[in-house]
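Reading the structure
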Amino acid sequence: MASLSNDVTIRRARTGDVAAVRHLLDSYVRDSILLDKPTVTLYEDIQEFWVAERDEDAAVVACGALHVMWEDLAEVRTLAVHPGVRGKGIGHLLLAKLLHTARWLGVRRIFCLTFEVDFFAKHGFVETGDSQVDGDVFGELLRSNDEGVAEFLDLERVKPNTLGNSRMLLQL
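Not measured: the values here are computed from a predicted model. (Residues numbered from 1 in each chain as written. Predicted model: local features only at pLDDT ≥ 70, side-chain atom pairs only at ≥ 80, totals over all residues. Heavy atoms only, no water.)

**Description of the overall build of the protein**
A tally of regular secondary structure across the protein gives six helices and seven strands. Tracing the protein from N to C terminus, the helices and strands come up as β-α-α-β-β-β-α-β-α-β-α-α-β. Per-residue burial for the protein yields a buried fraction of 47% across its 172 residues. In the protein, 69% of the contacts between residues at least 6 apart in sequence involve partners at least 24 apart. Total accessible area on the protein stands at roughly 9000 Å², and carbon and sulfur atoms take up 50% of it. (Helix = DSSP H or I, 4+ residues; strand = E, 2+ residues; numbered from the N terminus. Buried < 20%, exposed > 50% of the residue type's maximum accessible area, 1.4 Å probe, protein only. Contact = heavy atoms within 4.5 Å. Areas by Shrake-Rupley, 256 points an atom, 1.4 Å probe, with all protein chains shown as cover.)

Right, dumping it as structure tokens:
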């Protein structure tokens with residue numbers, strides 16, 4: 001039997017996918033693996049998302065987003081695979097698409113906050129303790145209202161909301 005990763009299509013997310021993305025996130029939020037995002041934020045950020053759609057029934061079985069933070073810096077966000085299809089290679093396909101997109105956009109550094117250190121390490125990510133930006137860029141990023149940027153900068157105001165996950169970085 002072929003792996004499920006051969007039976008999915010990775011495509012850009014559409015607004016009609018938000019309900020499925022919401023459902024994927026909810027189980028990870030309940031288990032304190034991902035931070036919750038308001039549904040309105042999912043709609044606002046839908047252009048950043050890619051989904052894995054099962055070919056046989058068009059069900060969305062995984063999602064992930066790439067959020068550009070600066071000229072050469074982006075974050076992989078909200079990478080989630082339905083528990084029933086974990087271990088089938090779908091997360092790897094989705095992350096590969098996000099990294100391909102980052103390269104196309106000209107991004108050279110990819111950041112993530114994750115509990116899945118081994119998964120991201122297989123793609124070249126390494127654990128890092130700091131935000132990896134110089135003072136001028138740090139100052140500009142401070143202007144962002146995005147909570148993910150605040151997490152990247154390790155700002156004190158987001159510490160009560162962080163889950164204790166690892167900070168990882170990939171140099172493309």
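**Notes on the packing of aromatic side chains**
Tallied over the full model, the rule gives two aromatic pairs. Judged by centre distance (5.1 Å) and plane angle (90°), the rings of Phe 119 and Phe 120 are edge-to-face. For Phe 119, a relative accessible area of 17% translates into the label buried. With a centroid separation of 5.1 Å and 80° between ring planes, the pair formed by Phe 120 and Phe 125 is classed as edge-to-face. By the burial criterion, Phe 120 is buried, and Phe 125 matches it. (Phe/Tyr/Trp six-rings, centres within 6.5 Å; stacked < 30°, edge-to-face > 60°.)

**Thoughts on the pattern of salt bridges**
All told, the structure shown has eight salt bridges when counted by the stated rule. Across the pair Asp 57 and Arg 54 runs a salt bridge, and its minimum N-O distance is 2.9 Å. Judged by its relative accessible area of 42%, Asp 57 falls in the partly exposed class. Ionic contacts of the salt-bridge type, sharing partners, join the residues Arg 11, Asp 17 and Glu 53 into one network. (Salt bridge = Lys/Arg side-chain N within 4 Å of Asp/Glu carboxyl O.)

**Some words on the sheet that holds strand E1 (residues 8–12)**
Taken in spatial order, the seven strands line up as E1-E2-E3-E4-E5-E7-E6 in an open sheet, and their pairing is mixed. A strand with exactly one partner marks an edge of an open sheet, and here the two such strands are E1 and strand E6 (126–127). Across five bridges, the pairing between E1 and strand E2 (residues 49–54) is antiparallel. Across the sheet, residue Thr 9 finds its bridge partner in E2, namely Glu 53. Sheet strands in contact with helix H1 (residues 18–30) are E2, strand E3 (60–70) and strand E4 (73–81), and its direction is about 90° off that of E3. Packing against the sheet, helix H3 (residues 90–105) makes contact with E1, E2, E3, E4, strand E5 (109–114) and strand E7 (166–171), and its axis sits at approximately 25° to E3. (Pairing = 2+ DSSP bridges. Axes fitted to C-alpha atoms, helices over the stretch in contact; angles between N-to-C directions.)

**Details of unusual backbone geometry**
The phi dihedral of Ser 32 is positive, around 60°, even though this residue is not glycine. Structurally, Ser 32 is set in the loop between H1 and helix H2 (39–44). Judged by its relative accessible area of 41%, Ser 32 is partly exposed.

**Examining the pairing of E3**
A regular strand carries its side chains on alternate faces of the sheet. For E3, the tally of buried residues reaches nine of eleven residues, placing the bulk of the element in the interior. In this structure, the hairpin formed by E2 and E3 is closed by a connection of five residues, where Ala 58 is found at a positive phi of approximately 65°. Relative to E4, E3 runs antiparallel, the two sharing seven bridges. Bridged to Val 68 within E4 is Ala 74. Adjacent in sequence and paired antiparallel, E3 and E4 are bridged by two residues.

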